Amino acid sequence: MKARVTFKGGIHPPENKGLCGELSIKDFPPPETAVLPLQQSLGSASEPVVKKGDKVKKGTLIARSKGYISSNLHSSVSGEVIDIRKSPHPLLGEANAIIIKSDNRDEPERDYSAEEASADSLSSGEILELIQNAGIVGLGGATFPAHVKLNPPADKPIKTFIINGAECEPYLTSDHSLMLECADRILKGAALIKKMLKAEKCLIAIEENKKDAIALFRQKIIQLKNAEGLQVFPLKVKYPQGAEKQLIYTLTGKEVPSGGLPMDVSVLVHNIGTVFAVYEAVFLRKPLFERIVTVSGKGIKNPANWRVRIGTTFKMLVNHSGLADKKIKKLIMGGPMMGLAQYTDEVPVVKATSGILVLTSDEAADFEHLACIRCGKCVSVCPMGLMPAEISKMVEKGRIDTAKSIGLMDCMECGSCNYICPSGTNLLQYIKLGKYEYLRSKNVKR
Amino acid sequence: MLKDKHLTVTVSPHIKTSLTTERMMWIVSAALIPAAGAGIYFFGPHAALVIAVCVGASIITELFCAVLMKKPATIKDGSAFLTGLLLALCLPPEFPLWMCALGSFFSIAVSKFAFGGLGHNIFNPALAGRAFLMGAFAKEMTTWKTLQDFPDGITAATPLNLLKEQGYDSLMKVFDSHSHLFKELFIGRVGGSIGETSAALLIIGGLILIFARVTTWHIPVSYILTVIIVSYFTGGLFDIPFHLFTGGLMLGAFFMATDPVTSPITPKGQIIFGIGCGLFTMLIRIRGGYPEGVCYAILLMNSVTPLIERFSKTRIFGVKR
């Protein structure tokens, strides 16, 4: 099956995925000191259950979820808790973190290599509990706690479970390498989730620039005994093909209503990395304390995909990979389209870190702000069917309500408009500001 | 060590397209070079002078206005160059040079800067300049250098002039046959403004714009299709190629109506805009007092662009109509 359908709009930025060369995952050595921020997911920060001086092992629970939307946190090294203090955070600037000094023994809480035979006979409730205990959050970047997402209300049955392997952000290849290396385990996780959700179909969506992964998954599915409803779906290469609503539209033809959730159209989407983490949590009883991170960009001498412990600082990864002898401009967590520019390399890898990019001044754009010439390119690329130039102008003039009425809150911040804008206007900056202002004014009114 | 580097922190995205406004303007200018070259080739060196004066005067006016309004001078973005070039291409080949300069001044100072500069003007500056010159110097604006031998009594005329004033028969007298007329129109060996006579070269230029993604097909296609349909129903098959290749239609459809600043930003709006341009062009050509209607049709549609935008909003994903 060729990818035929796609969503409206989108862009084709240079992929730069080849920088990482051969796609293999290398193990990054455990850090001497792990910095584990309490805020690892959307919602509330977790609450520490250890104190200064406590000895912990790899996989020991160190902070418990607090509230409905929150997640557990586990130590990524074995050693001693030396402090709980404010530390740099890649998303929040600064936040409380548990600092653990490694004893270099890397002693695990339990053996994480042997598969539990009982996994297949677990009930949905037991599976959800294992996922919650393991502290799994959406690893695509949104970091929504997985156990909440996987437990939709009874009146919203899930018919289609979609595994997002689009990885449409340029540079990033962490999902791709994971798919190539752990296809069997991902499929086990997929089958488990599909069964748990009682979904009719499970679609594995992969962009066509990852032909090897598509072929591999197809072959594996054929070999599977119980592969009913399991299907690989090749996607057109286009940014943002991996955006949840656009992905659902491409695969099912359904539009998630404005302000709604995928479950409103009986769909649930999880990133490939999350599905793998679910496998590990259920079959290996392994909590989420490491993830695959692409370290790339033309500012990096040896780009690669690493299996990295949460809490490893960007500095360690960047220094280990070597800085290229070029003019460095930006350090980014995530991809170049939606990633966050960092002010320091002291920030740690968190569960949301899919990539670390060091961009040179040739790669990272200088935005020269010329007047909007109303060319309409932002309108034609907007995957949400918005008029970004108009929204941004309204926000600029302080007319937040007007901006809201023309779709301000529908924007998913993919940045396509900003990328394509020939005038280099800061469309997304104004839109983000507008959303912030709107939410603030709504809270004040309450 | 990254610590020693100066890290830039901005909102995402961190990459952007290489197709900047500046590059777009220069691509449009480059796409006009064949048509401008044909104008100089057919009409002689004075045409080159007209182009040079218009471009020069536009750039000087832009500099002058920028200084006066304390805005950064934006010569580099190529918009003044393009306005000057477009204005020159819709002027008669023998147009007095001081009038060229005055027209350029009007284009830049009045129709662009008085409205706030690049991106804020309501009317296409080049067309506004032409309309101004038409009002101020009607005689000079309709004095054509022609390339055909005309029957007694007609000193000079464009094919559209001839059709309007003398009728169909005298047009045929000059060009002998339909096929000869269409061939001359297509190549551009007819009387007219400097840059609008060669339909072939303008179409090539227009296709360059579309393939370089400087503009989209919406306006040119809807504009031209409307002209085809109206000319078929008002005249017949013969009228289609005549109306397509004569006058300023190709220049207007590919280079003037597509001016992003003065046309709607939504694809649907652009189609409505193109249809409007086509209807008004044909209305003026067939019923109006002027032989040619492209300039006024586009200016008229420029003025209703905000209105079109109000009724051609895009549909937001996940929102039912």
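1. Topic: the overall build of chain A
Now for step 1: Looking only at helices and strands, one finds 13 helices and 17 strands in chain A.
Now for step 2: What you see for chain A is a C-alpha radius of gyration of 21 Å, in line with the 22 Å of a compact globule of 446 residues.
Now for step 3: When the backbone C-alpha atoms are referred to their principal axes, chain A occupies close to 60 × 50 × 50 Å.
Now for step 4: The contacts of chain A with a sequence gap of at least 6 include a subset with a gap of at least 24, amounting to 73%.

2. Some remarks on the overall build of chain B
Now for step 1: For chain B, the count of helices and strands is 16 helices and zero strands.
Now for step 2: In terms of overall dimensions, chain B is globule-like: its C-alpha atoms have a radius of gyration of 21 Å, near the 20 Å expected for 321 residues.
Now for step 3: Along the three orthogonal principal directions, the C-alpha set of chain B runs to about 85 × 50 × 35 Å.
Now for step 4: Looking at chain B as a whole, 51% of its 321 residues are labelled buried.
Now for step 5: Residue pairs in contact within chain B that sit at least 24 positions apart in sequence constitute 73% of those at least 6 positions apart.

3. Digging into the environment of Gly39(B)
Now for step 1: By the element assignment, Gly39(B) lies in helix H1 (residues 21–43).
Now for step 2: Distance from Gly39(B) to Pro306(B), taken between C-alpha atoms, is 35 Å for residues 267 residues apart in sequence.

4. Points about the interface of chain B and chain A
Now for step 1: With 34 residues of chain B in contact, the opposing surface of chain A contributes 56 residues.
Now for step 2: Looking at the side of chain B that touches chain A residue by residue, the classes come out as 16 nonpolar, 13 polar and five charged.

5. A short note on the sheet that holds strand E10 (residues 201–207) of chain A
Residue and element names in this part refer to chain A.
Now for step 1: Pairing within the open sheet is parallel, and its four strands lie in the order E11-E10-E9-E12. The strands lining the two open edges of the sheet, one partner per strand, are strand E11 (230–235) and strand E12 (267–271). Mean inter-strand twist for the sheet, computed between neighbouring axes without regard to direction, equals 25°.
Now for step 2: Relative to E10, strand E9 (residues 160–165) is paired through six bridges, and the arrangement is parallel. Across the sheet, Ile-162 pairs through a bridge with Leu-203, a residue of E10.
Now for step 3: Each of E9, E10 and E11 touches helix H5 (residues 211–223); the most contacted strand, E11, lies at about 165° to it.

6. Section: the environment of Met337(A)
Now for step 1: Among the secondary structure elements, Met337(A) is positioned in the loop between strand E15 (328–333) and strand E16 (340–341).
Now for step 2: In this structure the C-alpha to C-alpha distance between Met337(A) and Gly415(A), which are 78 residues apart in sequence, comes to 6.1 Å.
Now for step 3: Setting aside residues up to four positions removed in sequence, Met337(A) forms contacts with Pro13(A), Glu169(A), Pro170(A), Tyr239(A), Cys414(A), Gly415(A), Tyr419(A), Ser12(B) and Pro13(B).

7. A word on helix H10 (residues 199–211) of chain B
All names here are of chain B.
Now for step 1: For H10, which comprises 13 residues, the first-to-last C-alpha distance of 18 Å matches the rise-based estimate of 18 Å (1.5 Å per residue) to within 8%.
Now for step 2: Looking only at H10, the buried set comprises Ala-199, Leu-201, Leu-202, Gly-205, Gly-206 and Leu-209. Axial view of H10: buried residues confined to an arc of 165°, hence all on one face.
Now for step 3: In this fold, the buried residues of H10 make contact with H1, helix H9 (178–187), helix H11 (218–234), helix H12 (239–245) and helix H13 (249–256).
Now for step 4: Immediately beyond the C-terminal end of H10, within one or two residues, lies Arg-213, with a positive phi of roughly 60°.

8. Section: the nonpolar core
Now for step 1: Formed by 139 residues in total, the largest nonpolar core has its most connected members in Ile162(A), Ala205(A) and Val278(A).
Now for step 2: The leading source of residues in this core is helix H7 (residues 272–283) of chain A, at nine residues.
Now for step 3: If sequence neighbours within four positions are ignored, Ile162(A) has contacts with Leu203(A), Ala205(A), Leu247(A), Ile248(A), Leu251(A), Val267(A) and Val269(A).
Now for step 4: In terms of nonpolar packing, the next biggest core, distinct from the first, is built from 77 residues, Leu32(B), Ile51(B), Ala57(B) and Leu251(B) among them.

9. Side note on the pairing of strand E13 (residues 290–296) of chain A
Residues and elements named next belong to chain A.
Now for step 1: Buried residues dominate E13, accounting for seven of its seven residues.
Now for step 2: In E13, alternate side chains face the same way, and those of Glu-290, Ile-292, Thr-294 and Ser-296 on one face and Arg-291, Val-293 and Val-295 on the other are all buried.
Now for step 3: Both E13 and strand E14 (residues 304–309) contribute to a ladder of six bridges, which runs antiparallel. By the bridge assignment, Ile-292 is partnered in E14 with Arg-307.
Now for step 4: Pairing between E13 and strand E17 (residues 355–360): three bridges, direction parallel. Along E17, the bridge assignment pairs Ser-296 with Leu-357.

10. Some details on the confidence of the model for chain B
All names here are of chain B.
Now for step 1: Across chain B, the average pLDDT comes to 89, with 95% of residues at or above 70.
Now for step 2: Mean pLDDT across the secondary structure elements of chain B bottoms out at helix H8 (residues 168–175), with 77, and peaks at helix H4 (residues 97–110), with 96.
Now for step 3: Reported for the predicted complex are a pTM of 0.91 and an ipTM of 0.89.

11. Things to note about unusual backbone geometry
Now for step 1: The omega angle of the peptide bond from Tyr239(A) to Pro240(A) is -5°, so this bond is cis rather than trans.
Now for step 2: Along the chain, the position of Pro240(A) falls in the loop between E11 and helix H6 (244–252).
Now for step 3: The peptide bond linking Ser12(B) to Pro13(B) adopts the cis configuration, its omega dihedral lying at -5°.
Now for step 4: Even without being glycine, Thr143(A) reaches a positive phi, approximately 55°.
Now for step 5: As for its position among the elements, Thr143(A) is in the loop between helix H1 (124–133) and helix H2 (146–149).
Now for step 6: Its 21 C-beta neighbours within 10 Å are what place Thr143(A) among the buried residues.

12. Here's the deal with the packing of H1(B) against H10(B)
All names here are of chain B.
Now for step 1: Contact geometry for H1 and H10: axes closest at 8 Å, N-to-C directions at 170°. One element, H1, and the other, H10, form an angle in the roughly antiparallel class. The residues of H10 that touch H1, namely those facing Ile-27, Val-28, Ala-31, Leu-32, Pro-34, Ala-35 and Ala-38, are Leu-201, Leu-202, Ile-204, Gly-205, Ile-208 and Leu-209.
Now for step 2: Across the contact of H1 with H10, the residue classes tally to twelve nonpolar, one polar and no charged.

13. A short note on the pairing of strand E8 (residues 93–102) of chain A
The two faces of the sheet receive side chains in turn, since in a regular strand these alternate between them.
All names here are of chain A.
Now for step 1: As defined by bridge partners, strand E2 (residues 33–37) adjoins E8 across five bridges and the pair is classed as antiparallel. From the neighbouring strand, Leu-36 faces E8, where its bridge partner is Ile-98.
Now for step 2: Pairing geometry for strand E7 (residues 79–89) and E8, over ten bridges, is antiparallel. If you follow Val-81 over to E8, its bridge partner there is Ile-100.

Here is what the cut-offs are and how they apply
- Residues numbered from 1 in each chain as written.
- Chains lettered and ligands numbered in written order.
- Predicted model: local features only at pLDDT ≥ 70, side-chain atom pairs only at ≥ 80, totals over all residues.
- Helix = DSSP H or I, 4+ residues; strand = E, 2+ residues; numbered from the N terminus.
- Rg over C-alpha atoms; globule rule 2.2 N^0.38 Å.
- Contact = placed C-beta atoms within 7 Å.
- Buried ≥ 20, exposed ≤ 12 C-beta atoms within 10 Å, placed from the backbone.
- Nonpolar A, V, L, I, M, F, W, Y, C, P; charged D, E, K, R; others polar.
- Pairing = 2+ DSSP bridges.
- Axes fitted to C-alpha atoms, helices over the stretch in contact; angles between N-to-C directions.
- Expected span 1.5 Å × (residues − 1).
- Arc of directions from axis to C-beta.
- Core = buried A, V, L, I, M, F, W, Y, C linked by C-beta atoms within 7 Å.
- pLDDT = per-residue confidence, 0-100.
- Parallel < 35°, antiparallel > 145°, perpendicular 65-115°, else oblique.

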